[in-house]
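Fold and geometry: a report
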Amino acid sequence: MQPLAILTVLAYGVSLGLYFRLLYADQKIVGRAATAMLAVSLALHYFFLLERAHQLQAVPYQDLYGAVSLFAWLLALTYFGLEMVHRQRTLGAFLLPFVVLILVAGMLGRPGVPAGPPPGHGIVFALHVTLSVLAYAAFGLSFVMSLMYLAEETLLRRHRLGTIVWRFPALDLLERMTRSSVLVGMGAILAGTLLGFVAVRRLETPVSHFDPKYLVTLAIVGLYATYLYLERQTSWRGGRASRLCVFNFAVILLSVTVVNLFLTRAHRYF
Amino acid sequence: MEIVLVGLNHRTAPVEVRERLSFTADQARRAAEDLRAQGIFEETMILSTCNRSEVYGVPPESRPEPAAALSEYLSSFHGVRADILNGSLYRHQDRSAVEHLFQVSAGLDSMVLGEAEILGQVREAYRAAHESGATGPVLNRLFQAALEVGKRVRTETELGTRPMSVASAGMKLAERIFGKLEKHTALVLGAGTISEQVISQLRDRGIGHLLVMNRSIERAEEVARRYGGEVVPWAEWEAALQGPDIVVSSVSAESVLGGEVVARAMSARKNRALLLMDLGVPRNVDPAAAKLYNVFLYNIDDLTDIVQQNRRARESEVPKAQVIVEEHVDKFLSWQASVEMIGVLEALEGKMRAERAAFLAAHMQHLGHLSAADRERIEALMDDLLKKIVMNPAGKLRGERNLRRKIQNIEALRDLFLPERDKS
């Protein structure tokens, strides 16, 4: 196992510890330290992905471990961006466990080094995959925030406030952050899909246009577009929109597991 | 360098006594001047809030019983009989006075544990005293340390983070749901004392639009005028429910807002989130309304429960705050002891020189056969001896790091060589 990989996980772990501490103690300095540590973790993670790509002469998503690591990096990066824009640090304690878990799971279940050099798909294909992973990361983030919304709403309605609710972001802010995250995801998936079609057109070998992945992607875009429309309607704002967001991410999980592994050839990369 | 505190607070005196002993800014300045002019204190500072009146001072070393003199002064300044004051006043000196002030600025001695206003009041009182020249190096250092303690306790503990009144708990809840309140509207039903507290909190938190509704339109207008709100006629209350995001009801009538009324309002407002704070007894809002989508209903008991939970949470933070207070008390006393040690050493050196001069004057007349050079040599030898036996070891005591030992050293030096400086 590469030392940089271990260092990255440790850095995320320290950042997570600080975010937990912030949740418990609500001290500005702890919050700043948590954010700074997250920035360090992101930088380490980036260099790890880069180093690994150089060593293997392959793009990060060439194998499951690399793809999962790239997903975790983009998830943390998207969260970092949202934290900067919305000035809300509480989410770190809820999101970083996923990042750490994904990284550790990826390390433990790491398959062997890819045998040969990567297929020459070119930069358009690389962008297609990277943007798609970014979209999944952003949708993943919106999923976590929707779960938080539902949890906070339930606690508020049942008057079970305890310590934790006072630390949560306001429901209104959670809604806005979820929307921002979905917008990032929509932009990325639309651009990624478009680039995917460009990459397909460049291929010399003919590709079937009846790939179930296309249909699922279309469904995902449709579902999130519906979310973006409905969450602005007052009768859907709040819990209903958050439940839809949770459902949408379940469809994504279906897309990247069942569909990728069993129903398509063109999108089965590992 | 003694520090004396005489004062009273909400624990020791009823409001009838507290109000008689309170100081306006002008009175505080005048009293501080008097206390220094009368030689009771060299430095002084008066802290007067609705819950406490306290006078801090540094008396001259020669002043006997400064606390008693201050009590007498307070009695005459405010025209309150001494027997009324005696049962209410507390007197602290040195460590105890320093610790008390630090606890005050930390909010540990406040009526509402951890309240934030006291730190601002300490800051303001210190600023006024400093500007009028009433404070000096000791009180400057003391109050700067007190402000630091207050700041640290508020940033490093959760003593002041949670709401402690029903009205502020309600506002915090509103912020949990809507975030900042600038773009939101609140409707307050009723214009009694509780409603006014809520309105005041809503204004403090920057509510965007405030609507007031009361059976007596005159009272509603009075409250609305005072807080910059808008009056809604009582007859229109059902229609008025469709607009606001926060509805606070505190009227003396049962079920003003029935479940169906709230359901109709929610339908008209397309299920936009609504926080209903029912502060009335009997309850003004039908509990069934809590089941409606996007309705958050809290009655007076729910909010009181939150306040109780918060009180317990704040109390659990007291030990952490006390550690910060103790740390700064030790730090201050250590500084005080260092300054004191320098003063004692200077006095000791002065005394040794005087003793040597007197000794030589008494004995040199019998040694007339000595030349001037020999006399000078003897004087120099005596200086060396005194330095070696007394001054050098005494100087080394300055380096003592343990505060308790340092203070003991100062006292020992005083007892042995400067009994006239010993205040006891």
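With that settled, the discussion passes to the nonpolar core. With 116 residues, the main nonpolar core has Tyr12 and Phe139 of chain A together with Ile246 of chain B as its most contacted residues. With 17 residues, helix 5 (residues 122–157) of chain A is the single largest residue contributor to this core. When residues no more than four places from it in sequence are discounted, the contact partners of Phe139 of chain A are Val182, Gly185, Met186, Ile189, Ile220, Tyr224, Phe249 and Ile252 of chain A.

What follows concerns the sheet that holds strand 3 (residues 52–58) of chain B. All names here are of chain B. The strand order across the open sheet built from four strands is 2-3-1-4, with neighbouring strands paired in antiparallel fashion. Lying at the two open borders of the sheet, with one neighbouring strand each, are strand 2 (43–48) and strand 4 (90–93). Across the sheet, the mean angle separating the axes of adjacent strands is 15 degrees when strand polarity is ignored. Judged from the six bridges that link them, strand 2 and strand 3 form a sheet pairing that is antiparallel.

Another point: the pattern of salt bridges. The final tally for this structure, using the stated rule, is 29 salt bridges over all chains. A salt bridge links Arg272 of chain B to Asp245 of chain B, with the nearest nitrogen and oxygen atoms 2.7 Å apart. Of the two residues, Arg272 of chain B sits in the loop between helix 12 (259–268) and strand 9 (274–278) while Asp245 of chain B sits in the loop between helix 11 (237–240) and strand 8 (246–249), which places them 27 residues apart along the sequence. The class for Arg272 of chain B is partly exposed, based on a relative accessible area of 26%. Shared partners join several salt bridges into a network, and the residues in it are Asp172, Glu175, Arg176 and Arg237 of chain A.

With that out of the way, let us pick up the domain arrangement of chain B. We note that the domain assignment places domain 1 (4–160), domain 2 (166–304) and domain 3 (332–421) within chain B. On a C-alpha basis, the centres of domain 1 of chain B and domain 2 of chain B stand 41 Å from each other.

So, on to the confidence of the model for chain B. Here chain B averages 87 in pLDDT, while 96% of its residues score no lower than 70. If you check the scores for this complex, the pTM reads 0.71 and the ipTM reads 0.79.

Residue and element names in this part refer to chain A. Applying the stated criterion across every chain, the model contains three cavities of 30 Å³ or more. Around the largest cavity, the lining residues are Ser146, Tyr149, Glu175, Thr178, Tyr227, Glu231, Gly238, Ala241 and Ser242. For the lining of the largest cavity, the secondary-structure elements that each account for two or more residues are helix 5, helix 7 (171–202) and helix 9 (239–263). Partitioned by chemical class, the residues of the lining of the largest cavity number three nonpolar, four polar and two charged.

Time to look at the domain arrangement of chain A. Residue and element names in this part refer to chain A. According to the domain assignment, chain A contains domain 1 (1–114) and domain 2 (119–270). With 24 residues of domain 1 at the contact, the number on the domain 2 side is 28 residues. Area buried by domain 1 at its contact with domain 2 is led by Tyr61, His86 and Leu91, which between them contribute 26% of it. In this structure, the connection of domain 1 to domain 2 is made through zero salt bridges. Where domain 1 packs against domain 2, one counts three residue pairs in polar contact (both at pLDDT 80 or more). Elements with a minimum of two residues in the side of domain 1 that touches domain 2: helix 1 (3–25), helix 3 (64–86) and helix 4 (92–108).

Residues and elements named next belong to chain B. Judged by how many residues are buried, strand 6 (residues 209–213) sits mostly within the fold: four of five residues are covered. Each parallel crossover has a hand, and the one from strand 5 (residues 185–189) via helix 9 (residues 193–204) to strand 6 is right-handed. As defined by bridge partners, strand 6 adjoins strand 7 (residues 230–231) across two bridges and the pair is classed as parallel. When the sheet's bridge partners are listed, Leu211 is paired in strand 7 with Glu230.

Residue and element names in this part refer to chain B. Tallied over the full model, the rule gives 13 aromatic pairs over all chains. On the numbers, 5.4 Å between centres and 90 degrees between planes, the contact of Tyr56 with Phe143 is edge-to-face. Within this pair, whereas Tyr56 is found in strand 3, its partner Phe143 is found in helix 7 (residues 137–156), the two being separated by 87 residues in sequence. For Tyr56, a relative accessible area of 0% corresponds to the buried category. Among the residues examined, Phe143 registers a relative accessible area of 0% and is labelled buried.

What follows is about the interface of chain B and chain A. Interfaces are frequently sized by the accessible area removed from exposure as the parts join. Taken together, the 31 residues of chain B in the interface contact 26 residues of chain A. In this assembly, chain B packs against chain A so that about 2200 Å² is buried in total across both faces, 48% of it on carbon and sulfur atoms. Counting the surface chain B buries against chain A, the share from its top three residues, Arg176, Tyr293 and Phe296 of chain B, is 31%. On the surface where chain B and chain A come into contact, there are one salt bridge. Glu158 of chain B serves as the salt-bridge partner of Arg167 of chain A, at 2.6 Å between the closest nitrogen and oxygen. The tally of links from chain B across to chain A stands at 15 residue pairs in polar contact (both at pLDDT 80 or more). Secondary-structure elements contributing two or more residues to the side of chain B that touches chain A are helix 7, helix 8 (166–178), strand 10 (295–299) and helix 13 (300–315) of chain B. Tallying contributions element by element places helix 8 of chain B first for the side of chain B that touches chain A, with seven residues. Considering only residue class, the side of chain B that touches chain A consists of 13 nonpolar, six polar and twelve charged.

This brings us to the sheet that holds strand 6 of chain B. Residue and element names in this part refer to chain B. Here six strands make up an open sheet; going across it, the order is 7-6-5-8-9-10 and the pairing parallel. Each edge of the open sheet is held by one strand with a lone partner, namely strand 7 and strand 10. By the bridge criterion, four bridges tie strand 8 to strand 9 in an arrangement that is parallel. By the bridge assignment, Ser249 is partnered in strand 9 with Asp278.

All names here are of chain B. Contact geometry for helix 9 and helix 10 (residues 217–227): axes closest at 11 Å, N-to-C directions at 25 degrees. When the axes of helix 9 and helix 10 are compared, the pair comes out roughly parallel. Like other packed secondary-structure pairs, helix 9 and helix 10 cross with a definite hand, here right-handed. On the side of helix 9, the interface is formed by Glu196, Ile199, Ser200 and Arg203, while helix 10 contributes Arg219, Val223, Arg226 and Tyr227. When its residues are assigned to classes, the contact of helix 9 with helix 10 shows three nonpolar, one polar and four charged.

Below, the discussion takes up unusual backbone geometry. For the peptide bond that leads from Val281 of chain B to Pro282 of chain B, omega is 0 degrees, which places it in the cis range. Locating Pro282 of chain B in the fold gives a position in the loop between strand 9 and strand 10. In this structure, Arg87 of chain A is a non-glycine residue whose phi angle is positive, near 55 degrees. Residue position: Arg87 of chain A is located in the loop between helix 3 and helix 4. The phi dihedral of Lys270 of chain B is positive, around 55 degrees, even though this residue is not glycine. Along the chain, the position of Lys270 of chain B falls in the loop between helix 12 and strand 9. The class for Lys270 of chain B is exposed, based on a relative accessible area of 54%.

The rules behind these values
- Residue numbers here run from 1 along each chain, matching the order of that chain's written sequence.
- Written order determines the labels here, with chains lettered from A and ligands numbered from 1.
- At least 70 in pLDDT is required for a residue's local features to be given in this predicted model, at least 80 for side-chain atom pairs to be given and counted, and no such filter applies to totals for whole chains, interfaces and linings, which use all residues.
- Calculation of side-chain values draws on the structure's entire complement of heavy atoms; hydrogens and water are dropped beforehand.
- Here, nonpolar core means buried Ala, Val, Leu, Ile, Met, Phe, Trp, Tyr and Cys residues that are tied together by side-chain atoms lying within 4.5 Å of each other.
- Buried means the residue's accessible area, taken with a 1.4 Å probe over protein chains only, is under 20% of the maximum for its type, while exposed means over 50%, and partly exposed covers the values in between.
- Each helix corresponds to a stretch of at least 4 residues labelled H or I by DSSP, and each strand to a stretch of at least 2 residues labelled E; elements are numbered beginning at the N terminus.
- Here, residues are in contact when the closest pair of their heavy atoms is within 4.5 Å.
- Any two strands are treated as partners once DSSP identifies two or more bridges connecting them.
- All axes are obtained by fitting lines to C-alpha atoms, using only the stretch in contact for helices, and the reported angles, taken between N-to-C directions, cover 0 to 180 degrees.
- Salt bridges are defined as contacts in which a side-chain nitrogen from Lys or Arg sits within 4 Å of a carboxyl oxygen from Asp or Glu.
- Residue ranges for the domains originate in an automatic or database domain assignment.
- pLDDT measures the predictor's confidence residue by residue and takes values from 0 up to 100.
- The distinction between a cavity and a pocket rests on a 1 Å grid over the protein atoms alone: a 1.4 Å probe fits inside a cavity but cannot get out, while a pocket stays open yet meets protein on both sides within 12 Å along at least five of seven lines, and a residue with an atom within 4 Å of a point counts as lining.
- Grid points are joined across faces, edges and corners, and a volume is the space filled by probe spheres set on the points.
- Note that Gly is not counted as nonpolar here; it falls among the polar residues with everything else outside the nonpolar set of Ala, Val, Leu, Ile, Met, Phe, Trp, Tyr, Cys and Pro and the charged set of Asp, Glu, Lys and Arg.
- Buried area is a sum: the accessible area each of two parts loses on coming together, probed at 1.4 Å, counted once for each and added.
- Identification of polar contacts relies on pairs of N or O atoms within 3.5 Å, with a donor-acceptor requirement for protein atoms, meaning one able to donate a hydrogen and the other able to accept it, and with residues adjacent in sequence counted only if both atoms are side-chain atoms.
- Assignment of crossover handedness uses the view with strands pointing away from the viewer, where a clockwise path from the first strand over the helix to the second indicates a right-handed crossover.
- Pairs were defined over the aromatic rings of Phe, Tyr and Trp, the Trp ring being its six-membered one, requiring ring centres within 6.5 Å. Orientation was assigned from the angle between planes: stacked under 30 degrees, edge-to-face over 60, tilted for the rest.
- Should an angle lie under 35 degrees it is considered roughly parallel, over 145 roughly antiparallel, and from 65 to 115 roughly perpendicular; all remaining angles are considered oblique.
- Less than a right angle of anticlockwise turn of the near helix away from the far helix marks a crossing as left-handed, whereas a clockwise turn marks it as right-handed.

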